[in-house]
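# An overview of the molecular structure
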Amino acid sequence: MPIDTGQTMIYASNGRFFEDFSLGQTLVHATPRTVTQGDVALYLALYGDRRAVHCSAVFARSLGYPDMPVDDLLVFHLVFGKSVPDISLNAVANLGYAEGRFLAPVFVGDTIRSVSVIIGRKQNAKGGTGIVHLRTRGINQRDETVLDYARWVMVNKRDPAASAGPEAVPELAERVDPLTLGHAVPRFSAAAWDDAASGSPVRLDDYAIGARIDHPAGMTVEEAEHQLATRLYQNTAKVHFDARLQASSRFGKRLIYGGHVISLARALSFDGLANAFHIAGINGGRHVAPLFAGDTVYAASETLEKAELSGRPEIGLLRLRLIAAKNEPVPPGPVRGADGAYHHAIILDFDYWAVVPR
Amino acid sequence: MPIDTGQTMIYASNGRFFEDFSLGQTLVHATPRTVTQGDVALYLALYGDRRAVHCSAVFARSLGYPDMPVDDLLVFHLVFGKSVPDISLNAVANLGYAEGRFLAPVFVGDTIRSVSVIIGRKQNAKGGTGIVHLRTRGINQRDETVLDYARWVMVNKRDPAASAGPEAVPELAERVDPLTLGHAVPRFSAAAWDDAASGSPVRLDDYAIGARIDHPAGMTVEEAEHQLATRLYQNTAKVHFDARLQASSRFGKRLIYGGHVISLARALSFDGLANAFHIAGINGGRHVAPLFAGDTVYAASETLEKAELSGRPEIGLLRLRLIAAKNEPVPPGPVRGADGAYHHAIILDFDYWAVVPR
Amino acid sequence: MPIDTGQTMIYASNGRFFEDFSLGQTLVHATPRTVTQGDVALYLALYGDRRAVHCSAVFARSLGYPDMPVDDLLVFHLVFGKSVPDISLNAVANLGYAEGRFLAPVFVGDTIRSVSVIIGRKQNAKGGTGIVHLRTRGINQRDETVLDYARWVMVNKRDPAASAGPEAVPELAERVDPLTLGHAVPRFSAAAWDDAASGSPVRLDDYAIGARIDHPAGMTVEEAEHQLATRLYQNTAKVHFDARLQASSRFGKRLIYGGHVISLARALSFDGLANAFHIAGINGGRHVAPLFAGDTVYAASETLEKAELSGRPEIGLLRLRLIAAKNEPVPPGPVRGADGAYHHAIILDFDYWAVVPR
């Protein structure tokens, strides 16, 4: 119902502030979304990924999928986008992700809705902001959870002098247990995987642990591109769209949605990780620095760990650290210095489990 | 057939001039268009609207639609776009709309064609231009009219000295009779409407008449965005696409299709009018000032009137005045001054009937 | 398998060099691609073509197609794009096309893969580069060839001092034999063709040979547009995407994919060639000069020749020379001067066979 302020009725929300979040609170986000062939084509046009499982119904069916599964990150963005009006319209920064699991494949025609639960809240020392932790689930039309992940955001207080309220910080796993992953991939025979179609003969066992893979291409981003993407995901954060408002921000310009960077880096990682066809889990992710239109994105990956999938001899998990840099290739050497600081060019540090055929 | 000028055959039309329009003339516009999932996704990516009925097949079916209906304004743009090569290639300005009615829903897979009848023509005092009035209908593959509206445009004469020809100016209703609207919405139970999914609990009876609703977000427009949109609608007016030609125009740059502004403002109006899910009628519309790439669009709505829909207890009509401004939020106070002049920031004044659940 | 260099494993290819191509070599390109409604809508939004056969299922079915066939040039770009990572990542220039034949229609839902055979290779006089000739086929999920064409590219040598290896230059036809064309068009009755829907009454017999058709519109190109297009085609050539890398190139900026120019010019040619609804064959094509974002493209066509299609009284072939220019309309007079040089504004010289109803 609208808020009657005596003088005027308020029909439109200006978003929640820190005081508006309570532990255990459930937020059912608006606008369930039926995924279409148009979403899939736009995603392709925006990032240019070439993994065959998302591009070819013939390839997908040869593995036992009923159709091409939708790119995992498109699912992530759709689920995330719905949470923005309820969670992060007044967010100062999206701080991190953890415990992400892709639990069921999504196909064109599926309808995805998004629900979040507040799992932590803590006022910052300075008092004008607080950290809100939440777990968001994407759910399909059969009430199956397709994606479950945690994130935490810094949110402004409406009234800096207000009481902090009950505080709690959840313990989030440093890495997703690989035993809980892989359910979104049908069983198939390793012989069914077509290296020529997928673009690479490099299978799981060919990767050395501790290797660094430089993805050779770079991609310059335009304002129209990230705005099209972010509207497609129905992510409404003003910082991405309102150049006039942003002119007086500390950056002086529109900020690109962090998820756009993840998708760009993941698409660039095709060259070197063509067969890492599915993101099964997100261990952690951090947007180290902002990206702006006109910047050029580069990517590199590090292989961190391998894991078996029980009863699945045809596939296994490869834990990858996907690093994105702007305006210069990802610098050689450690991602962070001895003092923990990132190289100035680095914008993304994203840790995930990929499924790779063996 | 090509025109044989003696020297050269003319295969391509340069568009009609004022002298080429006659009262009662029917123009069957080219290129019927099958609406696809791609059109729907592009429309989403271009404007970011979040009304659930257009985004979720589950939500749409819960109301009795067989599938998600296509956004009314996408239908409008497709029908309008087809008329441009025949009507407004040599138009000086698109002056206004009236008597618009959305008579049947459009779904992916439907094929829409467009037919116009000239209902008025009058030479302007200065003699070099004239006003042409027309009624355009969008018709689906079952010969059902899905949209019917009138507009009037100022068109150049080929020969300023030519005779004005027969003149007539149609009488157009100041507002669409609400009794003639609502047929594009299936009957449903008011209880079927899911406020959490739609994004707002504000129903028709919650709106006060004479209220002003400020839609909080702003959207900066890029050249690539409006060009993609206008090509998608197959609107061929050169002013939108040819920067070189426009460099010598009075604006010095490409002009954005006015319908792009309507769609942006309508999408921004989600915040405050989430449940105003269907445009049933267009009472009037005026493009007060041009929009250019780089400008930021803001929107506000005024509630003008409510109306019942006979035999439809679950829905009613809300008459809205949608105002768009550029480069500053819509200024408070009356849209037009005592002298009838608009505030300098205002670019659109659009009067329509929306269907809202009760 | 990755390449073990002793120190580091190389998982990502940096593309082939001249030495890596051998006569008769077959390259199965990665990422088969299922064409979707989204691809079709994006193609429309990118170029704005209005030929009814690609836009209306009703129109297409009236001619005997089971559904709207996909635009021939979209098929071309998809087939071409797949070959880039294997062929032209280190190309200096794409020199020409020949012997192109569109052999079967492509519909939404079809899955297209791409295979190339090396048919020629010859080192250039200076020794640092060579010309590679290849024939590329696009093949659908029923193993039918939908497109077959030859092209030749200039490719860098890895080692300028390396031996040239076996050399051969194929003989390619100057024009495709019209007797081998037209198979992608169903048989229909000439009376079935609806001129009002197609946008023009000009049929094959109305065109004079040697005529010049000026297409009246111009289109300014944005970075976001050509990048979206080229990623949609999964063409990975770095010159199109990496502004930072290109800043130090001889052009100083991103280069637009040549196929984007062909599609723009073909779409502009609707005005004058609305009924030239199908590209049956590509006789030759040359990218005379590069196109950059911000440039405005204009087009004109010359009618070169007509040909009958055996047993097909309802259609015939019109051989067209499609000329594109940038930043000024295509200049009048001959395309090339007495010395063979092109006018400075010309960027494309493309010779094709179009199918036109009689």
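Higher on the page you've got the structure.
Residues numbered from 1 in each chain as written. Chains lettered and ligands numbered in written order. Predicted model: local features only at pLDDT ≥ 70, side-chain atom pairs only at ≥ 80, totals over all residues. Heavy atoms only, no water.

### Focus on the overall build of chain A
Helix and strand content of chain A: eight helices and 13 strands. At 20 Å, chain A has a C-alpha radius of gyration in line with the 21 Å of a compact globule built from 358 residues. Taken over the C-alpha atoms alone, chain A extends approximately 70 × 45 × 40 Å along its principal axes. Scored against the burial criterion, the 358 residues of chain A give a buried share of 62%. Of all intrachain contacts in chain A linking residues separated by at least 6 positions in sequence, the fraction that spans at least 24 positions is 78%. If you sum the accessible surface of chain A, you get close to 12,200 Å²; carbon and sulfur atoms cover 53% of it. Counting 36 positive and 38 negative side-chain charges, chain A places the averaged centre of each group 4 Å from the other. (Helix = DSSP H or I, 4+ residues; strand = E, 2+ residues; numbered from the N terminus. Rg over C-alpha atoms; globule rule 2.2 N^0.38 Å. Buried < 20%, exposed > 50% of the residue type's maximum accessible area, 1.4 Å probe, protein only. Contact = heavy atoms within 4.5 Å. Areas by Shrake-Rupley, 256 points an atom, 1.4 Å probe, with all protein chains shown as cover. Lys, Arg positive; Asp, Glu negative; His and termini not counted. Charge placed at Lys NZ, Arg CZ, Asp CG, Glu CD.)

### Observations regarding the side chain of Lys-326 of chain B
Residues and elements named next belong to chain B. Inspection of the secondary structure assignment puts Lys-326 in strand β12 (residues 315–326). In this structure Lys-326 comes out as buried when scored by relative accessible area, which is 18%. Within the structure, Lys-326 has its side chain in polar contact with the backbone oxygen of Pro-290 (distance 2.5 Å). (Polar contact = N/O pair within 3.5 Å; in protein donor to acceptor, adjacent residues only side chain to side chain.)

### What about the nonpolar core?
Counting 195 residues, the largest nonpolar core has Phe-76 and Tyr-233 of chain A, Phe-76 and Tyr-233 of chain B together with Phe-76 and Tyr-233 of chain C as its most contacted members. Apart from residues no more than four positions distant in its own chain, Tyr-233 of chain C is found in contact with Tyr-43, Tyr-47, Leu-74, His-77, Leu-78, Gly-81, Lys-82 and Tyr-257 of chain C. (Core = buried A, V, L, I, M, F, W, Y, C linked by side-chain atoms within 4.5 Å.)

### Focus on the interface of chain C and chain A
How large an interface is tends to be reported as the accessible area lost when its parts come together. At the junction of the two partners, chain C supplies 38 residues and chain A supplies 46 residues. Across the chain C/chain A interface, buried area totals approximately 3,200 Å², and carbon plus sulfur atoms make up 62% of it. When the buried surface of chain C facing chain A is broken down by residue, Tyr-11, Arg-231 and Arg-244 of chain C rank first, second and third, together holding 23% of it. Remark: the boundary between chain C and chain A carries 19 residue pairs in polar contact (both at pLDDT 80 or more). Looking at the side of chain C that touches chain A, the elements that each hand over two or more residues are β4 (33–34), α1 (37–47), α6 (223–232) and α7 (243–246) of chain C. Top contributing element to the side of chain C that touches chain A by residue count: α6 of chain C, with six residues. Taken together, the residues of the side of chain C that touches chain A break down into 17 nonpolar, 13 polar and eight charged. (Buried area = accessible area lost by both parts, 1.4 Å probe. Nonpolar A, V, L, I, M, F, W, Y, C, P; charged D, E, K, R; others polar.)

### Some details on the pairing of strand β13 (residues 346–357) of chain A
Residues and elements named next belong to chain A. Burial analysis of β13 places twelve of its twelve residues in the buried class, the great majority of the element. Relative to β13, strand β10 (residues 278–287) is paired through eight bridges, and the arrangement is antiparallel. Directly across from Ile-282, in β13, lies its bridge partner Tyr-352. Here eleven bridges tie strand β12 (residues 315–326) to β13, and the two strands are oriented antiparallel to one another. Note that in β13 the partner of Ile-323 across the bridge is Asp-349. (Pairing = 2+ DSSP bridges.)

### Remarks on the packing of helix α6 (residues 223–232) of chain B against α6 of chain C
At a minimum axis separation of 8 Å, α6 of chain B and α6 of chain C run at an interaxial angle of 60°. The angle between the axes of α6 of chain B and α6 of chain C places the two elements in the oblique class. Across the interface between the two elements, Glu-223, Ala-224, Gln-227, Leu-228 and Arg-231 of chain B of α6 of chain B pack against Ala-224, Glu-225 and Leu-228 of chain C of α6 of chain C. A per-class count over the contact of α6 of chain B with α6 of chain C returns four nonpolar, one polar and three charged. (Axes fitted to C-alpha atoms, helices over the stretch in contact; angles between N-to-C directions. Parallel < 35°, antiparallel > 145°, perpendicular 65-115°, else oblique.)

### Regarding the relation of the copies chain C and chain A
Comparison of the two chain copies shows a relationship of rotation about an axis with a shift along it. Superposing chain C onto chain A takes a rotation of 120° combined with a translation of 0.0 Å along the rotation axis, leaving an RMSD of 0.0 Å. Taken together, the rotation and translation relating the two chain copies correspond to the operation of a three-fold axis. When C-alpha positions in chain C are compared against the rotation axis, the closest is assigned to Gly-38 of chain C, at 2.2 Å. A distinct binding surface is used by each copy, with only 13% of the interface residues of chain C retained as interface residues in chain A. (Least-squares fit on C-alpha atoms with pLDDT ≥ 70 in both.)

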